Amino acid sequence: MNTIPVALQAVRDSIAAACRRSGRSPDEVRLVGVTKGVDEGRILEAHAAGLNDFGENYLQEAKRKIETLQHGICWHMIGYIQTNKVKYMSRLFEYVHSVDRIEVLEALDRCGKETKVLFELNLSGEETKHGATEEGLGQMLEKVPFLQHIVPVGLMTMAPFFDHPEKARPLFRRLKETLLLVNEKFSLTMKELSMGMSSDFEVAVEEGATMVRVGTAIFGERP
Ligand SMILES: *Cc1c(COP(=O)(O)O)cnc(C)c1O
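Residues numbered from 1 in each chain as written. Predicted model: local features only at pLDDT ≥ 70, side-chain atom pairs only at ≥ 80, totals over all residues. Heavy atoms only, no water.

(A) Region of interest: the site of the ligand. For the ligand, the full set of nearby residues is V34, K36, N57, I78, M158, M197, S198, R213, V214, G215, T216 and R222. Between an oxygen atom of the ligand and a side-chain N or O atom of S198, the distance comes to 2.5 Å. R222 has a polar side-chain atom sitting 2.8 Å from an oxygen atom of the ligand. When each cavity is represented as a set of grid points, the ligand is found to reside in the largest pocket. Taken together, the residues of the shell around the ligand sort by class into 5 nonpolar, 4 polar and 3 charged. (Near = heavy atom within 4 Å. Polar contact = N/O pair within 3.5 Å; in protein donor to acceptor, adjacent residues only side chain to side chain. 1 Å grid on protein atoms, 1.4 Å probe; cavity = no way out; pocket = protein on both sides within 12 Å on 5 of 7 lines; lining within 4 Å. Sits in = over half its atoms within 2 Å of the grid points. Nonpolar A, V, L, I, M, F, W, Y, C, P; charged D, E, K, R; others polar.)

(B) Up close: the side chain of T178. If you trace the backbone, T178 turns up in helix α7 (residues 169-185). Residue classification places T178 among the buried residues on the basis of a relative accessible area of 8%. At 2.7 Å, the side chain of T178 and the backbone oxygen of R174 are in polar contact. Those residues within four positions of T178 in sequence are excluded, and the remaining contacts are L121, E134, L137 and L155. (Helix = DSSP H or I, 4+ residues; strand = E, 2+ residues; numbered from the N terminus. Buried < 20%, exposed > 50% of the residue type's maximum accessible area, 1.4 Å probe, protein only. Contact = heavy atoms within 4.5 Å.)

(C) Layout of the packing of helix α6 (residues 134-143) against α7. For the pair α6 and α7, interaxial distance at closest approach is 12 Å and the crossing angle is 35 degrees. Crossing handedness for the pair α6 and α7: right-handed. Across from E134, L137 and L141 in α6, the residues of α7 making contact are R174, T178 and V182. Here the residues of the contact of α6 with α7 sort into 3 nonpolar, 1 polar and 2 charged. (Axes fitted to C-alpha atoms, helices over the stretch in contact; angles between N-to-C directions. Left-handed = near helix turned anticlockwise from the far one by under 90°.)

(D) Spatial organisation of the nonpolar core. Membership of the largest hydrophobic core comes to 64 residues, with the highest contact counts inside it found for F93, V99 and F119. Leave out the neighbours within four places in its chain, and V99 touches I81, V104, L105, L108, V117, L118, F119, E120 and M140. In terms of nonpolar packing, the next biggest core, distinct from the first, is built from 6 residues, C74, Y95, L118 and V153 among them. (Core = buried A, V, L, I, M, F, W, Y, C linked by side-chain atoms within 4.5 Å.)

(E) Summary view of α6. Among all positions in α6, only G136, L137, G138, M140 and L141 are buried. Looking at the packing, one finds that the buried side of α6 touches β4 (95-99), α5 (102-110), β5 (115-121), β6 (150-157) and α7.

Pasting the structure below:
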């Protein structure tokens, strides 16, 4: 198995190649290492190899790691959010990618600390996936001007597990179109598109991803 620094470099090279193919600059793409199930030692290994952004799915696990690793790391919450567990969230994470309903948005606002929010969309319509419908997104964005501590920065989506990454392309394209549309409609200037995982991040970068969430390709298979 590859060591973390070698795997990380391979992912960076693939991002750079996808940027070249699509006329983008690699500076526009932030690599978020997904560390659910990855211990602190391996997170530090990736951090030492230059990775500064890490994404976690589960609040308890994340809280333990974040409090242990006080190292100038930028933490991203990317997992499903339970409304009754939002309390610490804005203190722990700089970005929350998985806001998919008004109750979560309001609960985050009540934390009283500014939080950068991405709204998660379920574009595939799969019932097993979290994420708002486009209508639900509209309802959340209508609410934003009335909230004090919510900074809307972008949209997030998760493509289904396709047998070929090309099949995810239309969904990534649609996320970008939706971003442009809602920016116009709600007079916002959101810029972030959080899309692409180990299996499909190159296609996502070609379609405009500004944040890719990559776990397995950096840290190996999860147990
Ligand atoms: C686990 C996870 C990822 C990373 O998946 P890999 O296939 O391991 O790269 C990305 N985004 C979300 C929301 C996840 O839960």
